Amino acid sequence: MPFFELLAPSRRLLLDRPKIMGIVNVTPDSFSDGGRYHQRDQALRHAIKLQQEGASLLDLGGESTRPGAQAVASQEEMDRVLPVLEALRQETDAWISIDTSNPELMREAAARGADLINDVRALSRPGALEAAAATGLPICLMHMKGEPGSMQQQASYQNLVAEVIAFLRSRIEACQAAGIAEERLLLDPGFGFAKNLDHNLTLLNQLEALHELGRPLLVGMSRKKMLGELTGRPVEEREVASVTAHLLAAQKGAQLLRVHDVAGLKDALSIWQALTEKE
Ligand code: 7PM
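Novice: Could you give an account of the overall build of the protein, with specific residues and numbers?
Specialist: What the protein contains, in helices and strands, is nine helices and 10 strands. In summary, the protein has a C-alpha radius of gyration of 18 Å against a globular reference of 19 Å for 279 residues, a match within 12%. Projected onto its principal axes, the C-alpha positions of the protein cover 45 × 40 × 40 Å. The contacts of the protein with a sequence gap of at least 6 include a subset with a gap of at least 24, amounting to 68%. A total accessible area of about 12,800 Å² is found for the protein, and carbon and sulfur atoms account for 50% of it. Across the protein, the mean location of the 30 positive side-chain charges is 0 Å away from that of the 37 negative side-chain charges.

Novice: Mind laying out the pairing of strand 10 (residues 256-259), listing which residues take part and the relevant values?
Specialist: The two faces of strand 10 match: Leu256 and Arg258 on one face and Leu257 and Val259 on the other face are all buried. As paired strands, strand 3 (residues 19-25) and strand 10 are joined by four bridges and run parallel to one another. Note that in strand 10 the partner of Ile20 across the bridge is Leu257. As paired strands, strand 9 (residues 218-219) and strand 10 are joined by two bridges and run parallel to one another.

Novice: Break down the packing of aromatic side chains for me, citing the residues and quoting the values.
Specialist: Per the counting criterion, the structure on display carries zero aromatic pairs. In this structure, Lys145 packs its charged tip against the face of Tyr157, placed 4.1 Å from the ring centre.

Novice: Could you give an account of the nonpolar core, naming the residues involved and the relevant values?
Specialist: The biggest cluster of nonpolar side chains holds 77 residues, and the ones touching the most others in it are Leu60, Ile98, Leu123, Leu141 and Ile180. The greatest single-element share of this core, amounting to eight residues, is contributed by helix 5 (residues 160-177). The contacts of Ile180, once residues within four sequence positions are left out, are Leu123, Leu129, Ala132, Ala133, Ile139, Cys175 and Leu185. Formed by 12 residues, the second largest nonpolar core is a distinct cluster that contains Leu6, Leu13, Leu57 and Leu186.

Novice: Got a sec to walk through the packing of helix 1 (residues 35-53) against helix 2 (residues 74-91)? Specific residues and values, please.
Specialist: Relative orientation of the contacting elements helix 1 and helix 2 amounts to 45°, with a least axis distance of 10 Å. One finds that helix 1 runs oblique with respect to helix 2. For the crossing formed where helix 1 meets helix 2, the hand is right-handed. Of the residues in helix 2, those touching helix 1 at Arg36, Arg40, Ala43, Leu44, Ala47 and Ile48 are Glu76, Asp79, Arg80, Pro83, Val84, Ala87, Leu88 and Glu91. Its residues assigned to classes, the contact of helix 1 with helix 2 shows eight nonpolar, no polar and six charged.

Novice: Please set out the environment of Ala128 residue by residue, giving values where relevant.
Specialist: With respect to the secondary-structure elements, Ala128 resides in helix 4 (residues 128-135). A relative accessible area of 0% means that Ala128 is categorised as buried. If we ignore the near neighbours within four places in the chain, the residues touching Ala128 are Ser101, Pro103, Met106 and Leu123.

Novice: Which residues make up helix 8 (residues 239-251), and what values do they have?
Specialist: Between its first and last C-alpha atoms helix 8 spans 18 Å; for 13 residues at 1.5 Å apiece the expected length is 18 Å, and the two agree. Every buried residue of helix 8 is accounted for by Ala241, Ser242, Val243, Ala245, His246, Ala249 and Ala250. Tucked inside the fold, the buried residues of helix 8 contact helix 6 (197-205), strand 9, helix 7 (225-231), strand 10 and helix 9 (262-278). Phi turns positive, to about 95°, at Gly253, one or two residues after helix 8.

Novice: Describe the side chain of Lys195, listing the residues and the values that go with them.
Specialist: Within the secondary structure, Lys195 is located in the loop between strand 8 (185-188) and helix 6. Of the polar contacts made by the side chain of Lys195, one reaches the backbone oxygen of Pro189; its length is 3.0 Å. With near-sequence residues (within four places) excluded, Lys195 lies in contact with His143, Gln152, Ala155, Tyr157, Val164, Pro189, Gly190, Asn200 and Leu203.

Novice: Tell me about the packing of helix 3 (residues 103-111) against helix 4, and name the residues and values.
Specialist: Contact pair helix 3 / helix 4: the axes reach a minimum separation of 8 Å and the direction vectors enclose 10°. As summarised for this structure, helix 3 and helix 4 are arranged roughly parallel, according to the angle between their axes. Within the contact between the two elements, helix 3 uses Pro103, Met106, Arg107 and Ala110 and helix 4 uses Ala128, Glu130, Ala131, Ala132, Ala134 and Thr135. Residue classes in the contact of helix 3 with helix 4 are distributed as seven nonpolar, one polar and two charged.

Novice: Which residues make up unusual backbone geometry, and what are the values?
Specialist: One non-glycine residue, Ala122, adopts positive backbone phi at about 50°. Locating Ala122 in the fold gives a position in the loop between strand 6 (116-119) and helix 4. Although it is not a glycine, Ala194 sits at a positive phi angle of roughly 60°. Along the chain, the position of Ala194 falls in the loop between strand 8 and helix 6. Owing to a relative accessible area of 0%, Ala194 belongs among the buried residues under this scheme.

Rules behind the numbers
- Residues numbered from 1 in each chain as written.
- Predicted model: local features only at pLDDT ≥ 70, side-chain atom pairs only at ≥ 80, totals over all residues.
- Heavy atoms only, no water.
- Helix = DSSP H or I, 4+ residues; strand = E, 2+ residues; numbered from the N terminus.
- Rg over C-alpha atoms; globule rule 2.2 N^0.38 Å.
- Contact = heavy atoms within 4.5 Å.
- Areas by Shrake-Rupley, 256 points an atom, 1.4 Å probe, with all protein chains shown as cover.
- Lys, Arg positive; Asp, Glu negative; His and termini not counted.
- Charge placed at Lys NZ, Arg CZ, Asp CG, Glu CD.
- Buried < 20%, exposed > 50% of the residue type's maximum accessible area, 1.4 Å probe, protein only.
- Pairing = 2+ DSSP bridges.
- Phe/Tyr/Trp six-rings, centres within 6.5 Å; stacked < 30°, edge-to-face > 60°.
- Lys NZ or Arg CZ within 6 Å of the ring centre and 35° of its normal.
- Core = buried A, V, L, I, M, F, W, Y, C linked by side-chain atoms within 4.5 Å.
- Axes fitted to C-alpha atoms, helices over the stretch in contact; angles between N-to-C directions.
- Parallel < 35°, antiparallel > 145°, perpendicular 65-115°, else oblique.
- Left-handed = near helix turned anticlockwise from the far one by under 90°.
- Nonpolar A, V, L, I, M, F, W, Y, C, P; charged D, E, K, R; others polar.
- Expected span 1.5 Å × (residues − 1).
- Polar contact = N/O pair within 3.5 Å; in protein donor to acceptor, adjacent residues only side chain to side chain.

Don't take any of this as a statement about function, it's just geometry.
What follows is the structure in structure tokens.
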């Protein structure tokens, strides 16, 4: 079986086995009141820790896409993300992904050494296709309906898997029309984005159907509500559920796994890998 390869202008990543993308939030949290420099430093140290634990990619996000969250102003998002990106670029060879829908940030981040654009809005904002095209970077397109603040009202489908596939196919075509080669694209079904528990389980169960799109798959279920619904656990106690869910996704062929808890998933993948190589 031939493997996919992620190709950025200055590096390549062979997707011969599942790769871990560690989540680095650069949003202000209620527990740290040490100001901007403190938060920047914390995000940086957290990112390095995730890399040491086994993350091949680090996903920096400065906009809270939490259901019900309000949109972050463009400049505020850039002020959060760019300093962390610049500092992190000096310290690591890991892939740095930028979780953004903001065309201005896409351009600025690419100029500061980012390797990948992760857009939960699949380049739907005005100017995003053009900005992403100009960066030359690989891009992850995710399925969602509506906006994070109101998307759960749109969690209704005739045929969920077919609709997710059709949506991603139409975004691939929009990218191609904007001059973004298909080889630059990663695809994500968007767990929890305009989806209820039953939808999320259907998607995980039928993840293999998305391989027909012919691109590598990224999945993110880390600590999400679906895991709380299945285990009855609050968000801070969902690590085992997260590890398990992502291991199952890897088993169904997901090449990239976006998680908060890197070390646990790394161990799980080691066991799976050992068995895979024995087959
Ligand atoms: C609150 C709730 C904050 C949910 C953040 C989130 C994905 C993503 C996010 C995903 C890709 C989270 C989400 N989720 N990017 N960004 N795929 N590609 O749980 O599933 O991290 S934000």
